[in-house]
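# Report on the structure
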Amino acid sequence: MSLEIANLDVSIDGIGILRDVNLTIPTGEMAGLIGHNGAGKTTLIRAMMGLLPADRGSISFKGRDITRQPAYKRADMRISYMPEDRRLIPELTVTENMLMPAWANNIHDGEQRLKWVYELMPEIADFGQRKALQLSGGQQKLVALGRALIPGREMILLDEPFEGVAPVLAKRLSSVIADLRGEGLTVLIAESDDSHSADLVDSTWRIERGEVSQGRRDSSESSGLTDY
Ligand SMILES: Nc1ncnc2c1ncn2[C@@H]1O[C@H](COP(=O)(O)OP(=O)(O)OP(=O)(O)O)[C@@H](O)[C@H]1O
């Protein structure tokens, strides 16, 4: 098992947000985390990244308890995430933005990994010398995915990657994520509904008011999602 979250409680400013979360993803699999706005997707991803402390419970990655490991250690473990709001540095070029995590985390083969990312997404190589502020929101999402892939070689957490992206670019993002299959990467995709992730994932988890339950795909259901 790659990721194992057990009995996790997380609060923000003393208000309980996540309650008794249990979630597992086997190594190399893709999982969907589906929940409405405010359900707790970002909070769970931030807790997994070590950006929010756990009140109770544990987060383990490849058998190692990382619950209280500081956030910067995630890059050492090759875990990375793509924030919902992209967080590119507008005045830097696309290439500089992509290499930023390599510079910040002493990743020595960053340039080599960048080359691989550019092969995966040739369209972003084409605007590598442009400043991030010159790109559309959807193009910035592609760059943010590429940037997450520089350190994220074991696991990447994608926070609403399709949100606000025009259909044609969302399709492209889906196909890039599908191409990651076979790379041995463990992937979590948070989405408000499963419209883009349904065809990508091996398992689906639903989050509602900070509580997580496992769902499965069922072709007989029009929604495509059924509770166990
Ligand atoms: N900094 C904060 N201070 C107080 N409450 C917060 C903070 N961040 C999130 N919350 C609360 O935590 C709950 C979960 O929010 P979260 O952002 O994790 O949801 P989400 O599923 O990612 O939704 P969205 O798609 O809207 O980002 C919400 O009720 C939200 O109001």
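Preceding block: the structure.
Residues numbered from 1 in each chain as written. Predicted model: local features only at pLDDT ≥ 70, side-chain atom pairs only at ≥ 80, totals over all residues. Heavy atoms only, no water.

The next point concerns the overall build of the protein. Assigned secondary structure in the protein consists of 7 helices and 11 strands. In terms of C-alpha radius of gyration, the protein reaches 17 Å, essentially the compact-globule figure of 17 Å for 228 residues. Its C-alpha atoms put the protein at 45 × 40 × 35 Å along the principal axes. By residue count, 52% of the 228 residues in the protein fall in the buried class. Restricting to contacts in the protein with at least 6 residues of sequence separation, those with at least 24 account for 68%. With the model as given, the accessible surface of the protein reaches about 10600 Å², and the carbon-plus-sulfur share is 46%. Averaged over its 26 positive side-chain charges, the protein has a centre that lies 3 Å from the centre of its 33 negative ones. (Helix = DSSP H or I, 4+ residues; strand = E, 2+ residues; numbered from the N terminus. Rg over C-alpha atoms; globule rule 2.2 N^0.38 Å. Buried < 20%, exposed > 50% of the residue type's maximum accessible area, 1.4 Å probe, protein only. Contact = heavy atoms within 4.5 Å. Areas by Shrake-Rupley, 256 points an atom, 1.4 Å probe, with all protein chains shown as cover. Lys, Arg positive; Asp, Glu negative; His and termini not counted. Charge placed at Lys NZ, Arg CZ, Asp CG, Glu CD.)

On to the pattern of salt bridges, then. For the coordinates displayed, the defined rule picks out 10 salt bridges. Here Arg-56 and Asp-9 are joined by a salt bridge, their closest N and O atoms 3.0 Å apart. With Arg-56 in strand S4 (residues 56-61) and Asp-9 in strand S1 (residues 3-12), this residue pair connects regions lying 47 residues apart in the sequence. Here Lys-62 makes a salt bridge to Glu-154, at a shortest N to O gap of 2.5 Å. Note that Lys-62 is positioned in the loop between S4 and strand S5 (64-65) and Glu-154 in the loop between helix H6 (137-149) and strand S7 (155-159), a separation of 92 residues in sequence. Relative accessible area serves as the criterion here: at 42%, Lys-62 is assigned to the partly exposed category. Judged by relative accessible area, which is 26%, Glu-154 ranks as partly exposed. (Salt bridge = Lys/Arg side-chain N within 4 Å of Asp/Glu carboxyl O.)

The next thing to look at is the pairing of strand S8 (residues 186-191). Each regular strand displays side chains that alternate between the two surfaces of the sheet. The buried count for S8 comes to 6 of 6 residues, which makes it a mostly enclosed element. Burial along S8 is two-sided: the residues Thr-186, Leu-188 and Ala-190 and Val-187, Ile-189 and Glu-191 are all buried. In this structure, strand S3 (residues 30-34) lies alongside S8, joined through 5 bridges in parallel fashion. Each residue of the ladder has a partner; that of Met-30, found in S8, is Val-187. The pairing of S7 with S8 spans 5 bridges and is classified as parallel. Opposite Met-155, over in S8, you have Thr-186 as the bridge partner. (Pairing = 2+ DSSP bridges.)

With that settled, consider the side chain of Ser-203. By the secondary structure assignment, Ser-203 is in strand S9 (residues 203-208). At 3.4 Å, the side chain of Ser-203 and the side chain of Trp-205 are in polar contact. Every residue in contact with Ser-203, bar those within four places of it in the chain, is listed here: Met-30, Ala-31, Gly-32 and Gln-214. (Polar contact = N/O pair within 3.5 Å; in protein donor to acceptor, adjacent residues only side chain to side chain.)

What follows covers the packing of helix H3 (residues 94-104) against helix H4 (residues 110-120). The relative placement of two packed helices comes down to the angle between their axes together with the axis-to-axis distance. The N-to-C vectors of H3 and H4 enclose an angle of 130 degrees; their axes lie 10 Å apart at closest approach. The angle between the axes of H3 and H4 places the two elements in the oblique class. Considering how the two elements wind past one another, H3 and H4 form a crossing that is right-handed. Together, Val-94, Thr-95, Met-98, Leu-99 and Ala-102 of H3 and Gly-110, Glu-111, Leu-114, Val-117 and Tyr-118 of H4 make up the contact between the two elements. (Axes fitted to C-alpha atoms, helices over the stretch in contact; angles between N-to-C directions. Parallel < 35°, antiparallel > 145°, perpendicular 65-115°, else oblique. Left-handed = near helix turned anticlockwise from the far one by under 90°.)

On their own, these measurements won't tell you what the molecule is for.
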